[in-house]
Amino acid sequence: MLDKNWRPAEVEAKQYANWEKNGDFAAGVKAGADPYCIVIPPPNVTGSLHMGHALNNTLQDILIRHKRMSGLNVLWQPGTDHAGIATQMVVERKLEAEGVKRRDLGREKFLEKVWEWKEESGGTITGQLRRLGASCDWSRERFTMDEGLSRAVLKVFVALHKQGLIYKDKRLVNWDPKLHTAISDLEVLQTEIKGHLWHFKYPVEGIDGKYITVATTRPETMLGDTAVAVNPEDERYKDLIGKYAILPLVGRRIPIVGDEHADPEQGSGAVKITPAHDFNDFEVGRRHNLEIINILDAEACLNDNVPEKYRGMDRFEARKQVVADLEAEGLLARIDDHLHTVPYGDRGGVPVEPWLTDQWFADAATLAKPAIEAVEQGRTKFVPENWNKTYYEWMRSIQPWCISRQLWWGHQIPAWYGPDGEIFVEETEEEARAAAKAHYGKDEELTRDPDVLDTWFSSALWPFSTLGWPDETPELKRYYPTSVLITGFDIIFFWVARMMMMGIHFMGEEPFHTVYIHALVRDAKGAKMSKSKGNVIDPLELVEKYGADALRFTLAAMTMPGRDVRMDESRVEGYRNFGTKLWNAARFCEMNECLPVEGFDPKSAKNRLNRWIIGEVAACGHEIDRALGVYRFDEAANAAYAFTRNTFCDWYVELAKPLFNGEDEAVKAETRATAAWVMNRILRLLHPFMPFITEELWEQFGAGDTRLINAEWPQFEGLEDKDAADEIGWVIGLISGIRSARSEMNVPPGAKIPMVLIGAEQGNRERLEAYGELISWLARLERMEAVDAGASPPSGSIQIVHREATVALPVGDVIDIAQEKARLEKEIVKLEAEAEKIRKKLSNEGFLAKAPQAVVDENKERLADLEARIAQLRVALERLSGL
């Protein structure tokens, strides 16, 4: 017997342990079937489950469970990322708390400590994914620094270097002066601050009293200026192009160049050019062959390339001094308050500097060409399709990829330097020594490059390295290319694009045929979650409170293309209640002896109600298949919800009660078999969304030894019955219409009222007679009669239309009509006032320009809801006005 209440906490741990113990997640079980593979976006080994992880992995698991039940040879490949900078910081902080510094330990000892930490604490997030119900093949779990993946990384680096696609160069990078490493754009937070814009006057050489005014938010960088740029079409400066300015405080003669980077509409129209400390200036410098002068050291202190007075100063100290000195020389034109963005390192927490340094780079432009063509030619598709544009914009303007990091934790670059600086790139030190001996003609001392690779470099190999590459494994042959990638939009460039580049280059084809891009999870008001706002929602807290199934179903039901998910706890609670309703329906079936009947053929059902519910579950199954096929998780979840909660629990269970309690034993037996068969199908259809409760109930309704996770996805061909659908639809429509009218008119729930059906066809009169007792009971009617068209409705009746007929409901004796009219009019006035406020807001160009899109969408949704409700109330008012 099922327990009276559904208790997620008790069931989830038990069922997950059973799945793992029985090897239910294992790939390769259905060896002859078509393959279906998803590689998990590897979470950081330092990470804990956040709402983005919960959404991403729920969507993957829905697809995986659906395809597994559909008979495919499924692999969901799990693993974690070594997260170079994040992990190194975690371990450094731990050691510092013990009074130990990383550099005191030395590289080898420090890395031992990192591996120790990884073994002790690195499995947190994979345990949390299990709590969510993720059915990955954990026996194949990989780590970006495990032996196999490390071998793949070395092989790729060496191969690309030998092909000329990896090289060392001196270029600008995002430099974190606290952590002393280059960082990727993804690790840079653009932070809006209230700062200043300083306007300086640079003397023009050879023209007394002539100055060219430039503006900057970073005055200290002017010490590294090597030009002033003006737009070649700017009439104010055309005559100065080709002349020189004298750089104040330094005395350096710098050219005035014409370049479209200078915007005549911005500031004075003249721009100071510091190629060593600004990414745009670096490109201007290359175009005009300008000198590149690096004025900062690794600590962001001024170096020996500036006048002696400023050497050794911290950048912010130097800023104050430069401004003071320029003001003293009469060259400070003005200072404006200025709201602007400053790039901060997300780990170091200090402003990063564009810094000129020797780094390793990949020729991303060359690697990107076939990856662009793959999307252009439709071999890889983005869903929603609008993300193609973002992909193209990034890929077509791609810059060299800085792949080196000045860290200890990560894949150390396989490059060794000879005594004269000659570089030898090989997979092993032995091979490097052999190459050096061939070059020098004798053995020479070699020094390995201390840098490690960008974490995204190893992640770019994930779809094929996890399957065993560079070895030609059976898994690589079977599952590459993978089927679909589920990921967030924020890493299309950092991860998706790079997997495309590496996959095509090394495997000869795209790593996946579809990239599904999901949106952000925001709070209930549409605001982005952040610790500073205090609106972060912990998915594990929701799992503890409502169960994993409820959270999973919420995320699926709210995932719509192009729309962020607004996570409202009340929705999770609502879907927990949905689980409870399913549980109670199962208990109802159990109490009415609705147990699986071996060999039951739904096509043999004779009773109209049973044929109707069989057809409805078939329609639901078809809709779920269609929706999941086009990645409409919301439509699939809502189809399952609508059928289970409304059609089965609210209608079939109620309409079937007279059959269970009737005298016809054949009908009773058929109804029991039908209810059990439909419940069995409900559990299958809901399993990808709500795996725990469905697996638990399957033990009662499974009709076999197979666990639900391995059961076949249901097929529903030839089960729809149009006549049954029309007949039961007529009954449900009539009851629903009467209930709605009663509610709108505030008819007391306990009051029974008469009903007159005017002008119904003969077939529908017969339906009224056949289902009369049910209709009276469920619609709370005192009596019913059917009359011919043209008959007058009883006095005091409100009227509703039901198909070809009119339904008259005399309510004058059970409600105060004047009072109800006043109530409805008051409610309409109140809602109209609110709607008008929103209309004005949405017609205000200023609001539309400044408000986040999420806020605009929220207002549009609210207006639509208000207008729909107002229309309902007006219909109700019209009905009352006719009395």
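A brief structural summary. (Residues numbered from 1 in each chain as written. Predicted model: local features only at pLDDT ≥ 70, side-chain atom pairs only at ≥ 80, totals over all residues. Heavy atoms only, no water.)

## Comments concerning the overall build of the protein
Operational definition: Helix and strand assignments follow DSSP, with helices taken as H or I runs no shorter than four residues and strands as E runs no shorter than two, numbered in order from the N terminus. Residue burial is assigned from relative accessible area. The probe radius is 1.4 Å, only protein chains are included, and a residue is buried under 20% of its type maximum, exposed over 50%, and partly exposed in between. The criterion used for residue contact is that any of the two residues' heavy atoms lie within 4.5 Å. Calculation of accessible area relied on Shrake-Rupley with a 1.4 Å probe; when residues are assessed, cover is drawn exclusively from the protein chains displayed. Charge assignment: positive for Lys and Arg, negative for Asp and Glu; neither His nor the chain ends contribute. Just so you know, the charge point we use is NZ for Lys, CZ for Arg, CG for Asp and CD for Glu.
Secondary structure assignment for the protein yields 29 helices and 29 strands. Based on the C-alpha atoms only, the size of the protein along its principal axes is roughly 105 × 65 × 55 Å. Residues counted as buried form 53% of the 883 residues belonging to the protein. Within the protein, contacts between residues separated by at least 24 positions form 77% of all contacts whose residues are at least 6 apart in sequence. Per element, the accessible surface of the protein, about 39200 Å² overall, is 47% carbon and sulfur. When the 109 positive and 139 negative side-chain charges of the protein are each reduced to one mean point, those points stand 3 Å apart.

## Some points on the pattern of salt bridges
The line we're drawing: Salt-bridge detection follows one rule: a side-chain nitrogen of Lys or Arg within 4 Å of a carboxyl oxygen of Asp or Glu.
Taken as a whole and assessed by the stated rule, the structure comprises 61 salt bridges. Among the ionic pairs, Arg-576 bridges to Glu-573, the shortest N-O distance being 3.9 Å. With Arg-576 and Glu-573 both in helix α19 (residues 569–591) and three residues apart, the pair spans about one turn of that helix. Taking the relative accessible area as the measure of exposure, Arg-576 reaches 24% and is therefore partly exposed. The partner of Arg-803 in a salt bridge is Asp-726, and the shortest N-O contact between them spans 2.8 Å. Here Arg-803 is found in the loop between β28 (797–802) and β29 (805–810), whereas its partner Asp-726 is found in helix α24 (residues 722–744), with 77 residues between them in sequence. If you follow the salt bridges from partner to partner, you end up with Glu-623, Arg-626, Arg-632, Asp-634 and Glu-635 in one network.

## Description of helix α25 (residues 762–770)
How we decide: Think of the arc as the fan of directions from the helix axis to the C-beta atoms.
Among all positions of α25, only Asn-764, Arg-767 and Leu-768 are buried. An end-on view of α25 places all buried positions within 100 degrees of arc, on one side of the element. In α25, the exposed positions that point more than 90 degrees away from the buried face belong to Gln-762, Glu-769 and Ala-770.

## Concerning the side chain of Thr-455
Condition: What qualifies as a polar contact is a pair of N or O atoms within 3.5 Å, subject to a donor-acceptor requirement within protein and to the restriction that residues adjacent in sequence count only when both atoms come from side chains.
You can see Thr-455 is positioned in helix α13 (residues 455–459). Of the residues examined, Thr-455 reaches a relative accessible area of 16% and is grouped as buried. A polar side-chain atom of Thr-455 sits 3.0 Å from the main-chain amide nitrogen of Gly-84. If we skip the residues at most four places from it in the chain, Thr-455 touches Asp-81, His-82, Ala-83 and Gly-84.

## Description of the environment of Phe-716
Turning to its location among the elements, Phe-716 is positioned in the loop between α23 (691–701) and α24. With 524 residues separating them in the primary sequence, Phe-716 and Glu-192 have C-alpha atoms 56 Å apart. Setting aside its immediate chain neighbours within four residues, Phe-716 contacts Val-617, Ala-618, Gly-621, His-622, Trp-677, Arg-681 and Leu-685.

## What about the pairing of strand β9 (residues 227–230)?
Within a regular beta strand, the side chains point alternately toward one face of the sheet and then the other, so they alternate between its two faces. Selection criterion: Strands qualify as paired when DSSP identifies two bridges or more between them.
Here β9 shows a buried face lined by Ala-227 and Ala-229 and a second buried face lined by Val-228 and Val-230. As defined by bridge partners, β9 adjoins strand β11 (residues 253–258) across three bridges and the pair is classed as parallel. Of the residues in β11, the one forming a bridge with Val-230 is Gly-258.

## What to know about the packing of aromatic side chains
Spelled out, the test is: Paired rings are identified among Phe, Tyr and Trp, the last through its six-membered ring, by centres lying within 6.5 Å, and are further divided according to the angle between planes into stacked (under 30 degrees), edge-to-face (over 60) and tilted (the rest). In our convention, an over-ring charge means Lys NZ or Arg CZ found within 6 Å of a ring centre and within 35 degrees of that ring's normal.
For the structure on display, the rule yields 35 aromatic pairs. An angle of 25 degrees between the planes, with centres 6.2 Å apart, marks the rings of Tyr-167 and Phe-361 as stacked. You can see Tyr-167 sitting in strand β5 (residues 166–176) and its partner Phe-361 sitting in strand β14 (residues 353–362), a full 194 residues away along the chain. By relative accessible area, Tyr-167 is classed as partly exposed at 25%. We classify Phe-361 as buried; its relative accessible area is 1%. Considering the side-chain rings of Phe-648 and Tyr-652, the 5.6 Å spacing of their centres and the 20 degrees angle between planes classify their relative orientation as stacked. Separated by four residues within a single helix, Phe-648 and Tyr-652 lie in helix α21 (residues 633–660), roughly one turn from each other. You'll find Phe-648 and Tyr-652 in the same group, each marked buried. By the ring-pair criterion, three or more aromatic residues cluster together here, those being Phe-553, Tyr-575, Phe-578, Tyr-641 and Phe-689. Taking NZ or CZ as reference, Arg-498 lies 4.0 Å from the ring centre of Trp-401, over its face.

## Section: the pairing of β28
Inspection of the sheet shows β28 paired to β29 by six bridges, in the antiparallel sense. Note on β29: the bridge partner recorded for Ser-797 is Pro-810.

## Examining the packing of helix α17 (residues 539–546) against α19
Under the convention used in this document: Convention adopted: a line fitted to C-alpha atoms gives each axis, helices being fitted over their contacting stretch, and angles between N-to-C directions are expressed from 0 to 180 degrees. Crossing handedness follows the turn of the near helix against the far one: under a right angle anticlockwise gives a left-handed crossing, and clockwise gives a right-handed one. Only Asp, Glu, Lys and Arg are considered charged in this grouping, and only Ala, Val, Leu, Ile, Met, Phe, Trp, Tyr, Cys and Pro are considered nonpolar; every other residue, Gly among them, is considered polar.
At a closest axis distance of 10 Å, the pairing of α17 and α19 adopts a crossing angle of 35 degrees. Seen along the crossing, α17 lies across α19 with a hand that is right-handed. Contacts from Leu-542, Lys-545 and Tyr-546 of α17 reach α19 at Glu-569, Val-572, Glu-573 and Arg-576. The class makeup of the residues in the contact of α17 with α19 is three nonpolar, no polar and four charged.

## As for the environment of Ala-31
Within the fold, Ala-31 resides in the loop between α1 (8–21) and β1 (35–39). For the pair Ala-31 and Asn-73, spaced 42 residues apart in sequence, the C-alpha separation works out to 6.3 Å.

## So, unusual backbone geometry
With an omega of -5 degrees, the peptide bond between Val-383 and Pro-384 qualifies as cis. Put simply, Trp-469 and Pro-470 share a cis peptide bond, and its omega is 20 degrees. In this structure, Pro-470 sits in the loop between α14 (462–465) and α15 (474–479). Phi at Leu-249 is positive, roughly 70 degrees, even though this residue is not glycine. Tracing the backbone shows Leu-249 in the loop between β10 (244–246) and β11.

## Quick word on helix α11 (residues 387–396)
What α11 keeps buried is the set Trp-387, Asn-388, Thr-390, Tyr-391, Tyr-392 and Met-395. Of the surrounding elements, those touching the buried residues of α11 are α10 (364–376), β15 (381–383), α16 (492–507) and β23 (512–518).

## Thoughts on the sheet that holds β11
Across the sheet, which stays open at both edges, the four strands sit in the order β10-β11-β9-β12 with mixed pairing between neighbours. The two strands at the open ends of the sheet, each matched to only one other strand, are β10 and β12 (270–273). If you compare each strand with its neighbour and ignore which way they point, the axes differ by 30 degrees on average.

## Considerations on the sheet that holds strand β6 (residues 181–183)
Backbone hydrogen bonds hold the strands of a sheet together, and the pairing may be parallel or antiparallel. Read across the open sheet, the four strands follow the order β6-β5-β14-β16; overall the sheet is antiparallel. Each edge of the open sheet is held by one strand with a lone partner, namely β6 and β16 (401–402). Pairing between β5 and β14: ten bridges, direction antiparallel. Each bridged residue has a counterpart across the sheet, and for Lys-168 the counterpart in β14 is Trp-360.

Purely geometric stuff here, so don't read any function into it on its own.
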